[in-house]
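The lines below spell out each chain.
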Amino acid sequence: MQRMLKGRWWIALAWAMIVAGLVYIAPSMSDLVREKGRIEVPEGYSSKLASQLIVEGYGKRNSSQVALVFYSDQKLTNHEVKEAEEAINRLEQNKESLGIKKITSHFKEGQLKEALVSKDGKAILASVNIDQKKRSLSTLTKSLSQTLDGIGVKYAYTNESIITNQLLQKSEEGLKKTEGITVVFILFVLLLVFRSVIAPIIPLLTVGVSYLTSQSVISILVDQFDFPISGNTRIFLVAILFGIGTDYCILLLSRFKEELINSGQVIPAIIETYKRAGRTVLISGIAVMVGFASIGFSEFNLYQSAAAVAVGVAVLLLALFTLVPFFMAFLGKAIYWPSKRKLEHKDSKLWGFIGKFSLSRPILSILVVGVICIPFMIAYKGEVSFNSIEEIGENVPTIKAFRVIETSFGAGESMPTKLVFKNDDRLDSVDYFYVVERISRELDKVDLVASVRSITRPMGEAFEKFLITKQSEKLGKGLGKGKEGVEKISDGLQEANSELTKKEPELKRATDGIQRLIDGTSLAESKLTLLETYLSKMEQGMRTGSVQAKKELETAKEKTQELLRMYQNFSKTYKGINRDLQQIDPLLNQLDQIKEENFLNLERSVKGLSDSGDYQKIKKNILLALEKKDKMMKFRSNLETVMANEDKVTKDINAFTQGIEKQVKGLEKAADVQGQIVKQLPRLTDGLSRMNDGQKELLGGFGKLRDQLGELKSGLSQGADGLNKVSDGLGVAQRYLTDLSATPSVDGFYMPADIVEDKGFQNVLDVYLAPDGKTMTMDVVFKSNPYARETIDQVEKLKEAVHRATKGTKLENATVAVGGITSMNADLKAMSNQDYSRTVTLMLLGIGLVLAFLFRSFMMPIYIIGSLLLTYYTSMAMNEVLFVDILGYSGISWIVPFFSFVLLVALGVDYSIFLMDRFNEYRDITVTDAMLLSMKKMGTVIISAVVILGGTFAAMIPSGMLSLIQIASIILIGLFLYTFVVLPLLIPVLVKSLGKANWWPFPRSKG
């Protein structure tokens, strides 16, 4: 110290040059915080793995999805809806300048209306894809506001990155407030403590130089060596350096004041001050530095960023042992100007009173401590919150957007949880799609899950056309229609069979009539032959006698008239047959409507029908009937031809009869015409012969027709029976499928193999399947807030559900990771608990070793650390009551327990060191007297230090960040609880009770 004081001007100059140089070359810490200060989960955790798998499958994405929501407290009016559409149109028109890749809204894609317009009509959602290469989110928000200026509907936008940026921005704003308030507060307190305008300048300059130097050093370490940093680094650096730095300065200046009284000389007073108080400051500073340095062993970069405070404390200690002696030597007693009070240092009356009480009434003192601490500790639940929304506050636009989406569309819609699958083989095949649906169903069973979006259910619900229940319902309806059609065919066949049965007697009568007609025609033919013989004889005997000729002619006339009557009977019979056939025509026409294509359509509608033997027999009989129907029509045509010949024969007979009459009237002319009559008779005989042949053909045709109609009747009957059986079978199938479709728990899912080629389905694959075909994503939307504890607790259940669903499938060995803010918070929860345990152990071990070295005792570190733990948990419990039970927050912010423990223990141990180090100075008096005297001497210093340190942390409250407010509250409550309850009431009782054992296992040193 002697040499240092001699070269004090060089030391001051060196400090000036170092500070100036570091400030000049160091990068901006604010820029470094924005660049490298984001919270990141380390390697080995699910959310980190999910991000890596997405980068591997999709490549590094330079875009970000922003949720833009238009809203109103009431249902949006038509004008407001038009204004929202106008806003979307403006963004579309300015896509290039805004760096927008794509805008998704129901205004352009009407099929999305149900998904993007809230059911209550109070909100309209749009998705804006931002190209982050062209524009950052911070500049985008300003540009969006400018572009949408004048839009007549309320709107807001949000996403995870915007919320994070808001946190960083609010952190920077909070830092500026904290810095200003801290300086003003410390200056005010120092003026009260020292009643001097000079003394406050020394702590402010010393701490200010330390802060600028350490901030520059930390910035260089971050820039060059990726030293951990966060938005909280500078705030903690300000609070702790100004807090303990001022405390240490007060301790040094107060001791310097005592030593000036004792020695009256500046240099000896400085040396003695640093010999006594300097040792305390050094040990205290080392304890704080060890506490914060232990954070460097944590995994989480946010926790690691607090290790920067250790760098600041190291720089502060260097300044305290170089700059403060310079000011002491340079100013001397003028430090305390213009105070006219004597330089004597007054004892603390408050701590003197509390010390006497605790040392004289130890049991009562312990009861007081217990009454204050134990009820809060019993009620303490330790519930922490990961809700970043509460961190910022409800008045920020991005949080307003989140709340609107939460209210109108569901809490989880704004930030779904993303599952990522990485497989060795491609996943774009139906076999894998079945596994995807199986996973989706298993995930859907997890508590608080609202919907699952995947390849098989891109809108949150499975495609109906892929569900067997829906397919069976559709097939059942088709079978029902098929059954109705079959029943109609069966009814038609039955009707045709019935009509044919009715006409069977008529056909039989027609056949009998034709037979009689054939007999009559044969008789007429024989008579004509006979007539020809008679006429020949007449011609021979005509010359011999007219009487005989007349007689013969009369006989011929009678025979001819008899033949005419027979033909008339035949004509009548034929007409009856023709009428009967005309009655069959409608039935034949009905049959004609049945085509072979009808059977092909039926076979395609009813799967497996073509394999049925009954069905094939029915089909064969019907088609055979159709074929024979054509033959029957041909026979009918032949019959009409025959009837045409009969008309000609009838005319010939009439003409012949008239010729006979003429012969009877004029026998005298008979000889002249007899040759002609004889010549006509062979023609008539030939006609009758042809008629007879036609009648025989008609009889044969009618016989065949009866046989064919018999076969048709039999076939129609069999067809009707067979179709009835098919109808019954279809009815059974329809009832089965109807029952199947009505069963909601049917585990049925079917996708055709060619679905992969479907263009519409390709769009789905583009969303959920990476270009490499081996990386697949699924989105899980929760009903609850994605930041809520109950939601975070479901992440592990999601992993279990995936494990159950993929067991024994092709995805059993795939790499699976869960991403998204909820998964990240789940990882942070697990990691923070692990880091908390590790850091607490290392920190307490380090501080314990420092205390053991300082006090040459193992007992003192134990009860000092115990008292700090008691203070910490009581402070946490009190703040839980304040923020959760009274103010209604969801819990203490998740980072608060960790930082509060580090800060409170690292800073609280200082005051234990202040007291116990002074206690160890009084070696020649009893333990009780030494403790009481130490409390009187150090009470004012400790209370002043606590007020200043508490003030620096109270300056964090106006920052508006919930976590900083909670940390400040815990530190404030903890410091005052420790200063006015635990340290003065509990420590003296333990010291008195242990006596000489306070220094176990070492002996108490003598002065």
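Since this is a predicted model, take the numbers as computed values, not measurements.

Visitor: Pulling in residues and values, what's your account of the overall build of the chain?
Guide: Within the chain, the secondary structure is distributed over 33 helices and ten strands. In the chain, which comprises 1007 residues, the proportion classed as buried is 52%. Sequence-distant contacts in the chain: of pairs separated by 6 or more residues, those separated by 24 or more amount to 84%.

Visitor: Can you explain a nonpolar patch on the surface? Please cite residues and give values.
Guide: A cluster of nonpolar side chains, contributed by Leu187, Leu191, Val197 and Trp337, occupies part of the molecular surface with about 370 Å² of accessible area. Note on placement: Leu187 falls in helix α9 (residues 160-194). Judged by relative accessible area, which is 35%, Leu187 ranks as partly exposed.

Visitor: Tell me about the nonpolar core, residues and numbers included.
Guide: Counting 195 residues, the largest nonpolar core has Phe292, Leu320, Leu443, Ile864, Met916 and Phe953 as the members making the most contacts within it. Those residues within four positions of Phe953 in sequence are excluded, and the remaining contacts are Ala239, Ile240, Leu903, Leu907, Ala968 and Ile971. Residues Leu76, Ile100, Ile151 and Val153 belong to the second largest nonpolar core, which totals 24 residues.

Visitor: So, helix α16 (residues 349-360): which residues are in play, and what are the values?
Guide: The end-to-end C-alpha distance of α16, which contains twelve residues, comes to 16 Å, matching closely the 16 Å that a straight helix rising 1.5 Å per residue would cover. Those residues of α16 not exposed but buried are Trp351, Gly352, Ile354, Gly355, Ser358 and Leu359. For α16, the angular spread of the buried residues around the axis is 170 degrees, confining them to a single face. In α16, the exposed residues that point more than 90 degrees away from the buried face are Lys349 and Phe353. Contact partners of the buried residues in α16: α17 (362-379), α31 (896-921), α32 (927-954) and α33 (962-994).

Visitor: Mind laying out the packing of aromatic side chains, listing which residues take part and the relevant values?
Guide: A full pass over the atoms with the stated rule returns 26 aromatic pairs. Members of the aromatic cluster, each reached through a chain of ring pairs, are Phe236, Phe300, Tyr303, Phe386, Trp894, Phe898 and Phe899. Across from the ring centre of Tyr336, 5.4 Å away, lies the NZ or CZ of Lys257, which sits over that ring. The ring centre of Tyr432 lies 5.4 Å from the NZ or CZ of Lys810, which sits over that ring.

Visitor: A description of the sheet that holds strand β7 (residues 449-453) should follow, citing residues and the corresponding values.
Guide: Here four strands make up an open sheet; going across it, the order is β7-β8-β6-β9 and the pairing antiparallel. Pairing within the sheet leaves two strands with one partner each, and these edge strands are β7 and β9 (815-819). Taking each pair of neighbouring strands and ignoring which way they run, the sheet shows an average axis angle of 20 degrees. Note: β7 against strand β8 (residues 775-782), four bridges, orientation antiparallel. Bridge pairing in β8 links Val449 to Phe782. Against the sheet, helix α4 (residues 46-58) makes contact with β6 (417-422), β8 and β9, and its axis sits at roughly 110 degrees relative to β9, the strand it touches most.

Visitor: Which residues make up the environment of Leu116, and what values do they have?
Guide: Topologically, Leu116 is positioned in helix α7 (residues 113-116). The exposure class of Leu116 is buried, given its relative accessible area of 14%. Each C-alpha atom of the pair Leu116 and Ser105 lies 7.0 Å from the other, and the pair is eleven residues apart in sequence. Each residue touching Leu116, except ones within four places of it in the same chain, is listed here: Thr104, Ser105, His106, Ala123, Ile124, Leu125 and Phe409.

Visitor: I'd love a proper account of the packing of α17 against helix α30 (residues 859-886), names of residues and values included.
Guide: Between α17 and α30, the least distance of the axes is 8 Å, while the angle of their chain directions is 60 degrees. When the axis of α17 is compared with that of α30, the two are oblique. Relative to α30, α17 is oriented so that their crossing is left-handed. Across from Val369, Ile372, Cys373, Phe376, Met377 and Ala379 in α17, the residues of α30 making contact are Leu870, Tyr873, Thr874, Ala877, Met878, Glu880 and Val881.

Visitor: Can you explain the UniProt feature "coiled-coil region" (unreviewed entry) in the chain? Please cite residues and give values.
Guide: As annotated by UniProt and renumbered to match this structure, "coiled-coil region" (unreviewed entry) occupies residues 74-101. With 71% helix and 7% strand, residues 74-101 has end C-alpha atoms that lie 32 Å from one another.

Visitor: Talk me through the confidence of the model for the chain; I want residue IDs and the actual numbers.
Guide: Here the chain shows a mean pLDDT of 78. Residues at 70 or above account for 70%. Low pLDDT, under 50, characterises residues 742-746; the stretch is placed with four contacts to residues that sit more than four places away or in other chains.

Visitor: For the pairing of β8, give the residues involved together with the corresponding values.
Guide: For β8, the buried fraction is high: eight of the eight residues fall into the buried class. Side-chain alternation along β8 places Thr775, Thr777, Asp779 and Val781 on one buried face and Met776, Met778, Val780 and Phe782 on a second face that is also buried. Bridging between β6 and β8 involves six bridges; their strand directions are antiparallel. Bridged to Phe421 within β8 is Met776.

Visitor: Describe the side chain of Ser284, listing the residues and the values that go with them.
Guide: Relative to the elements of secondary structure, Ser284 occurs in helix α12 (residues 266-293). Excluding residues within four positions of it along the chain, Ser284 makes contact with Tyr248, Asp910, Ile913 and Phe914.

Visitor: Describe the packing of helix α2 (residues 8-25) against helix α15 (residues 323-331), with residues and values.
Guide: For the pair α2 and α15, interaxial distance at closest approach is 10 Å and the crossing angle is 130 degrees. If you check the angle between α2 and α15, you find them oblique. Of the two possible hands of crossing, α2 and α15 adopt the one that is left-handed. On the side of α2, the interface is formed by Arg8, Trp9, Ala12 and Trp15, while α15 contributes Leu323, Phe326, Ala329 and Phe330. Of the residues contributing to the contact of α2 with α15, the split by class is seven nonpolar, no polar and one charged.

Visitor: Talk me through unusual backbone geometry; I want residue IDs and the actual numbers.
Guide: Put simply, Trp1000 and Pro1001 share a cis peptide bond, and its omega is 5 degrees. Assignment of secondary structure puts Pro1001 in the segment after α33. With a phi close to 75 degrees, Leu448 is a non-glycine residue in the positive phi region. Tracing the backbone shows Leu448 in the loop between α20 (430-444) and β7. In this structure, Arg856 takes a positive phi of about 50 degrees despite not being glycine. Mapped onto the secondary structure, Arg856 falls in the loop between α29 (821-855) and α30.

Visitor: Could you give an account of the environment of Lys176, with specific residues and numbers?
Guide: Mapped onto the elements of the fold, Lys176 is located in helix α9. Taking relative accessible area as the criterion, Lys176 reaches 63% and is therefore assigned exposed. Through-space distance from the C-alpha of Lys176 to that of Met956 is 9.9 Å; in sequence the pair is 780 residues apart.

Visitor: Give me the lowdown on the pattern of salt bridges, citing residues and values where you can.
Guide: Per the counting criterion, the structure on display carries 22 salt bridges. A salt bridge links Glu383 to Arg789; the nearest nitrogen and oxygen atoms lie 3.1 Å apart. In this pair, Glu383 is assigned in the loop between α17 and β5 (384-385) and Arg789 in helix α27 (residues 789-792), connecting sequence segments 406 residues apart. Since its relative accessible area comes to 25%, Arg789 is described here as partly exposed. For Asp793, the salt bridge goes to Lys829, with nearest N and O atoms at 3.1 Å. You can see Asp793 sitting in the loop between α27 and α28 (795-806) and its partner Lys829 sitting in helix α29, a full 36 residues away along the chain. For Lys829, a relative accessible area of 30% translates into the label partly exposed. Within this structure, Arg255, Glu258, Glu259, Arg918 and Glu921 form a network of salt bridges that share partners.

So, how was this worked out
- Residues numbered from 1 in each chain as written.
- Predicted model: local features only at pLDDT ≥ 70, side-chain atom pairs only at ≥ 80, totals over all residues.
- Heavy atoms only, no water.
- Helix = DSSP H or I, 4+ residues; strand = E, 2+ residues; numbered from the N terminus.
- Buried < 20%, exposed > 50% of the residue type's maximum accessible area, 1.4 Å probe, protein only.
- Contact = heavy atoms within 4.5 Å.
- Patch = residues over 30% accessible without salt bridge, like charges linked within 9 Å, V, L, I, M, F, W, Y side chains within 5 Å.
- Areas by Shrake-Rupley, 256 points an atom, 1.4 Å probe, with all protein chains shown as cover.
- Salt bridge = Lys/Arg side-chain N within 4 Å of Asp/Glu carboxyl O.
- Core = buried A, V, L, I, M, F, W, Y, C linked by side-chain atoms within 4.5 Å.
- Expected span 1.5 Å × (residues − 1).
- Arc of directions from axis to C-beta.
- Phe/Tyr/Trp six-rings, centres within 6.5 Å; stacked < 30°, edge-to-face > 60°.
- Lys NZ or Arg CZ within 6 Å of the ring centre and 35° of its normal.
- Pairing = 2+ DSSP bridges.
- Axes fitted to C-alpha atoms, helices over the stretch in contact; angles between N-to-C directions.
- Parallel < 35°, antiparallel > 145°, perpendicular 65-115°, else oblique.
- Left-handed = near helix turned anticlockwise from the far one by under 90°.
- UniProt positions renumbered as here; feature names shortened; annotations may be inferred.
- pLDDT = per-residue confidence, 0-100.
- Nonpolar A, V, L, I, M, F, W, Y, C, P; charged D, E, K, R; others polar.

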